[in-house]
Each structure stands twice: as structure tokens, then as C-alpha cells.
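Each chain is listed here by its residues.
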Amino acid sequence: MTTGSFYHYFASWPAFTKDLVAYWVQDRTVRVIGAILEESDPRRRIEAIIEVGLSLPHGAEAAIRSWSSVDPHVLSVQTEVDRQRFTILYESALEIVRDPRQAEVYAAWAVYVFVGYEQATLPREPGMFAWIARHMLDALDSGGFASVPR
């Protein structure tokens with residue numbers, strides 16, 4: 001894109017970046033969560049979340065997360081995205097385990113694993129992420145983290 005073409009569509013670089021992260025939130029979080037919430041079974045919702053997590057463009061997600069460390073607007077957007085992702089995991093897990101602390105630990109664990117997978121410099125192996133996800137589902141089903149201290 002030429003500079004003239006860029007400024008035909010965007011008033012400035014900050015306007016472009018604001019539109020870019022707004023699109024990312026809408027496309028990769030709001031729309032996806034809306035579709036997942038149509039599933040009534042909480043276990044299947046979590047499985048759908050895992051499928052989405054496996055299919056996201058992790059390089060772009062990692063770049064936005066890195067960008068959020070230097071841009072306050074992007075940080076506020078990233079914070080909201082993390083909160084929304086945590087919330088759908090928490091609410092789904094709560095329906096399964098019926099214990100707020102277990103649901104909280106599960107949702108935090110899932111977000112931490114996902115963010116670590118995106119940020120790690122190791123080669124991304126979707127099979128490994130899927131294996132981890134299966135074990136996380138097993139732990140959710142068994143309530144294997146009930147005694148995690150605060």
C-alpha cells in the first residue's frame with residue numbers, strides 16, 4: 001500500500017492502530033465468544049474454546065500482546081480480551097464443577113497456558129497443545145485442582 005492510499009483510508013497511524021485492534025477484538029474475541037455461547041453444554045463450549053485456541057494466528061496474537069507492553073491503548077484492549085476469554089472459561093467450568101474456586105483456577109490455568117503457548121519461542125506444535133488441552137479437560141472432569149491455595 002502506498003502512503004497516499006494509506007492516508008486515504010486512515011487519518012493517521014494512531015487511527016489505523018485503533019481500527020486494527022478493534023477489528024481484532026471483534027473478529028477474534030467478541031464474534032467467537034458469541035458463537036461459542038450458543039452451545040448449551042459447558043463441556044462442549046470448553047472443547048470449542050480449545051479448538052479456537054488451536055486455530056488462532058498465534059504469531060499475530062503474540063505480536064499484539066507484545067505491542068500491548070508499549071502502547072497503553074493496546075494494553076487496555078488486551079486486558080479486556082483476556083478478561084473476556086477468562087470469563088467464558090470460568091462460567092463454563094463453573095457449570096461443570098459447581099465450585100467457584102475450582103472454576104477460577106481452571107480458567108486462569110487455561111489462559112496462562114494459552115498465553116505461554118503464544119509467547120514461547122519454542123516451535124509451535126499443535127499436537128502438543130492439543131495433548132495439554134486434553135489433560136486440562138481431564139483435570140476439569142476430575143476436579144483435580146480443588147485445593148489450590150490463594
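Preceding block: the structure.
Residues numbered from 1 in each chain as written. Predicted model: local features only at pLDDT ≥ 70, side-chain atom pairs only at ≥ 80, totals over all residues. Heavy atoms only, no water.

A. Inspection of the packing of helix H2 (residues 13–37) against helix H5 (residues 72–97) at higher detail. Across the interface, H2 lies against H5 with an axial gap of 11 Å and an inter-helix angle of 5 degrees. Here H5 runs roughly parallel to H2, going by the angle between their axes. Across from Lys18, Val21, Trp24, Val25, Arg28, Thr29, Val30, Ile33, Ile36 and Leu37 in H2, the residues of H5 making contact are His73, Val74, Val77, Gln78, Val81, Gln84, Arg85 and Ile88. Taken together, the residues that form the contact of H2 with H5 break down as eleven nonpolar, four polar and three charged. (Axes fitted to C-alpha atoms, helices over the stretch in contact; angles between N-to-C directions. Helix = DSSP H or I, 4+ residues; strand = E, 2+ residues; numbered from the N terminus. Parallel < 35°, antiparallel > 145°, perpendicular 65-115°, else oblique. Contact = heavy atoms within 4.5 Å. Nonpolar A, V, L, I, M, F, W, Y, C, P; charged D, E, K, R; others polar.)

B. Seen up close, the environment of leucine 94. By secondary structure assignment, the location of leucine 94 is in helix H5. According to the relative accessible area criterion, leucine 94 is partly exposed, its value standing at 26%. A C-alpha to C-alpha distance of 25 Å links leucine 94 and valine 25, two positions 69 residues apart in sequence. Ignoring anything within four residues of it in the chain, the contact list for leucine 94 reads Asp99, Pro100 and Ala103. (Buried < 20%, exposed > 50% of the residue type's maximum accessible area, 1.4 Å probe, protein only.)

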